[in-house]
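Report on the structure
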Amino acid sequence: MSMFGFGKPQPSSAEKIAAAEQEMDLFTDMFNKLQQACMKKCVPKEYREGELNKGEGVCIDRCSSKFFDVQLKISELLQAEAAAKGATGGGFGIGGM
């Protein structure tokens, strides 16, 4: 809080827990999407051995790397768009929409 009481209010414990739960849900969802996409692409439906072979392991490594690269680019684009909307007043007024 600032010297004159104009600072941003601190979140309560319940708000912190809710934010942490939401972050965990988003992380779990992203992991499940990654796992489904890369397993579908890289691992055949019929298993021949208990361990991944070298080709499957390399495929999963590349797939997961590309997945995270795309997620990062999408995040950057959404942040830039949100910042642009914030700078222009949310798209309302002169030059908006």
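Going by an unreviewed UniProt entry, the chain carries the name Mitochondrial import inner membrane translocase subunit and comes from Venustampulla echinocandica. Taken directly from UniProt, the Subunit (unreviewed entry) text for the chain runs: "Heterohexamer; composed of 3 copies of TIM9 and 3 copies of TIM10, named soluble 70 kDa complex. Associates directly with the TIM22 complex, whose core is composed of TIM22 and TIM54. Interacts with the transmembrane regions of multi-pass transmembrane proteins in transit." Checking UniProt for the chain, the heading Subcellular location (unreviewed entry) contains the comment "Mitochondrion inner membrane".

A look at the overall build of the chain
Of regular secondary structure, the chain possesses 2 helices and 0 strands. For the chain, the proportion of its 97 residues judged to be buried stands at 9%. On the chain, roughly 8700 Å² of surface is accessible, and the fraction owed to carbon and sulfur atoms is 61%.

What to know about the packing of aromatic side chains
Counted by the stated rule, this structure contains 1 aromatic pair. Ring centres of Phe-67 and Phe-68 lie 6.0 Å apart, and the angle between their planes is 85°; this geometry places the pair in the edge-to-face category. By relative accessible area, which is 16% here, Phe-67 ends up buried.

A look at a nonpolar patch on the surface
Taken together, the side chains of Met-24, Phe-27 and Phe-31 present a nonpolar region at the surface, about 350 Å² in accessible area. Residue placement: Met-24 occurs in helix α1 (residues 13–42). Here Met-24 falls in the exposed class, since its relative accessible area comes to 52%.

Quick notes on the side chain of Ser-64
Topologically, Ser-64 is positioned in helix α2 (residues 54–87). Ser-64 has contacts with Leu-34 and Cys-38, leaving out every residue within four places of it along the chain.

Quick word on the packing of α1 against α2
Relative to each other, α1 and α2 sit at 140°, their axes nearing to 9 Å. Taken together, the axis directions place α1 and α2 in an arrangement best described as oblique. Relative to α2, the crossing made by α1 is right-handed. Between α1, through Met-30, Lys-33, Leu-34, Ala-37, Cys-38, Met-39 and Cys-42, and α2, the contact on the second element is made entirely by Glu-56, Cys-59, Ile-60, Cys-63, Ser-64, Phe-67, Phe-68 and Gln-71. Taken together, the residues that form the contact of α1 with α2 break down as 11 nonpolar, 2 polar and 2 charged.

What counts, and where the lines are drawn
Residues numbered from 1 in each chain as written. Predicted model: local features only at pLDDT ≥ 70, side-chain atom pairs only at ≥ 80, totals over all residues. Heavy atoms only, no water. UniProt positions renumbered as here; feature names shortened; annotations may be inferred. Helix = DSSP H or I, 4+ residues; strand = E, 2+ residues; numbered from the N terminus. Buried < 20%, exposed > 50% of the residue type's maximum accessible area, 1.4 Å probe, protein only. Areas by Shrake-Rupley, 256 points an atom, 1.4 Å probe, with all protein chains shown as cover. Phe/Tyr/Trp six-rings, centres within 6.5 Å; stacked < 30°, edge-to-face > 60°. Patch = residues over 30% accessible without salt bridge, like charges linked within 9 Å, V, L, I, M, F, W, Y side chains within 5 Å. Salt bridge = Lys/Arg side-chain N within 4 Å of Asp/Glu carboxyl O. Contact = heavy atoms within 4.5 Å. Axes fitted to C-alpha atoms, helices over the stretch in contact; angles between N-to-C directions. Parallel < 35°, antiparallel > 145°, perpendicular 65-115°, else oblique. Left-handed = near helix turned anticlockwise from the far one by under 90°. Nonpolar A, V, L, I, M, F, W, Y, C, P; charged D, E, K, R; others polar.

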